[in-house]
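# Commentary on secondary and tertiary structure
Here is what each chain is made of, one letter per residue.
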Amino acid sequence: MSGKDTSSTTLSLKRQAAVYAVDTFVHSGMILGLGSGTTALEAVRYIAECLQSGKLSNIVGVPCSIWIEEHAIDAGVPLTTLDENPRVDLTIDGADEVDPHLDLIKGGGASLLREKIVAQATAHEVIIVDESKISEGLGIRFPLPVEVIPFGWTTQDTFLRSLGAQTSMRLTPEGQPHITNQGNYIIDCAFGQIPDPYALAEQLQSRAGIVEHGLFLGIARDVIVAGSEGVRHLKRP
Ligand code: 5RP
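Residues numbered from 1 in each chain as written. Predicted model: local features only at pLDDT ≥ 70, side-chain atom pairs only at ≥ 80, totals over all residues. Heavy atoms only, no water.

## Considerations on the site of the ligand
Taken together, 18 residues surround the ligand, and among them Thr38, Thr39, Asp96, Gly107 and Lys133 come closest. Residue glycine 94 places a main-chain N or O atom 3.4 Å away from an oxygen atom belonging to the ligand. Notes on the ligand: free accessible area 380 Å², of which the protein chains cover 99%. Listing elements by their share of the shell around the ligand, those giving two or more residues are helix H2 (38-53) and helix H4 (112-120). The class makeup of the residues in the shell around the ligand is three nonpolar, nine polar and six charged. (Near = heavy atom within 4 Å. Polar contact = N/O pair within 3.5 Å; in protein donor to acceptor, adjacent residues only side chain to side chain. Areas by Shrake-Rupley, 256 points an atom, 1.4 Å probe, with all protein chains shown as cover. Helix = DSSP H or I, 4+ residues; strand = E, 2+ residues; numbered from the N terminus. Nonpolar A, V, L, I, M, F, W, Y, C, P; charged D, E, K, R; others polar.)

Have a look at this one:
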């Protein structure tokens, strides 16, 4: 989770959004998708506290990344898999950018593929963010992460540039390609404001070698935004 804003103010906002979401949407007995990222981690930690205090019981979580799986185990949240429980009641996840339609860019933590698989198996997707993630349009504040298989990845880079993106391969601090949980690469694509995210999603989906992209369109039902003025609850109409 490098490159994230870890200031105490931002951490406090993430916690507020997480607590609101858990208190509002989580009930005992649920199968929960555990999103990845520093904001989703606050939800996992608060769920663990609620399990310890007895406020919640009989919860099992489906982790969206190895990173959140390790944190959930440390916190004491019981885990399951999508194969054991293919229907997830509720997922609480973070996002990198949220537009006025509650469409999202995700994948800043490179977990977009598992996050989308879990989201598509989920009855109710809730997104928690601090106010810095709110945007007038997707692509303005955050480049679009695109997950590609390593074989022939430079051809994907050329394709993504042909669509108008300025591309950069996601690297580790040591300068090596970042490898996702599925063994793929991430190409970050700076498009500027994406005029038609649905059209772009179709173009990306039809390309062999592109495994998934970080456009989460029509997926979030509720977005909880914590800011200096308090917590706002945005709902998809
Ligand atoms: C990981 C994600 C995260 O949800 C997104 O990057 C937000 O992370 P954070 O809460 O740390 O800002 O999509 O792939």
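## Here we look at the pattern of salt bridges
If you walk through the whole model with that rule in mind, you get nine salt bridges. Where arginine 236 meets aspartate 103, a salt bridge forms, and the shortest distance between an N and an O atom there is 3.5 Å. With arginine 236 in the segment after strand E13 (230-235) and aspartate 103 in the loop between strand E4 (97-98) and strand E5 (104-105), this pair connects stretches of sequence that are 133 residues apart. For glutamate 212, the salt bridge identified is with lysine 116, shortest N-O distance 2.9 Å. Here glutamate 212 is found in strand E10 (residues 210-213), whereas its partner lysine 116 is found in helix H4, with 96 residues between them in sequence. Neither glutamate 212 nor lysine 116 differs from the other in exposure class; each is buried. Within this structure, Asp93, Lys106 and Glu115 form a network of salt bridges that share partners. (Salt bridge = Lys/Arg side-chain N within 4 Å of Asp/Glu carboxyl O. Buried < 20%, exposed > 50% of the residue type's maximum accessible area, 1.4 Å probe, protein only.)

## Looking at the nonpolar core
Counting 28 residues, the largest nonpolar core has Val22, Val26, Leu32, Leu90, Ile92 and Ile128 as the members making the most contacts within it. When contributions to this core are tallied by element, the ones reaching two or more residues are helix H1 (8-25), strand E1 (31-34), H2, helix H3 (66-75), strand E3 (88-93), strand E6 (122-130) and strand E12 (222-227). Here this core gets seven residues from one element, more than from any other, and that element is H2. Excluding anything up to four places from it in sequence, leucine 90 contacts Phe25, Val26, Met30, Ile31, Leu32, Gly33, Thr122, His124 and Val126. Counting 20 residues, the second largest nonpolar core, distinct from the first, contains Leu138, Ile187, Ile210 and Leu217. (Core = buried A, V, L, I, M, F, W, Y, C linked by side-chain atoms within 4.5 Å. Contact = heavy atoms within 4.5 Å.)

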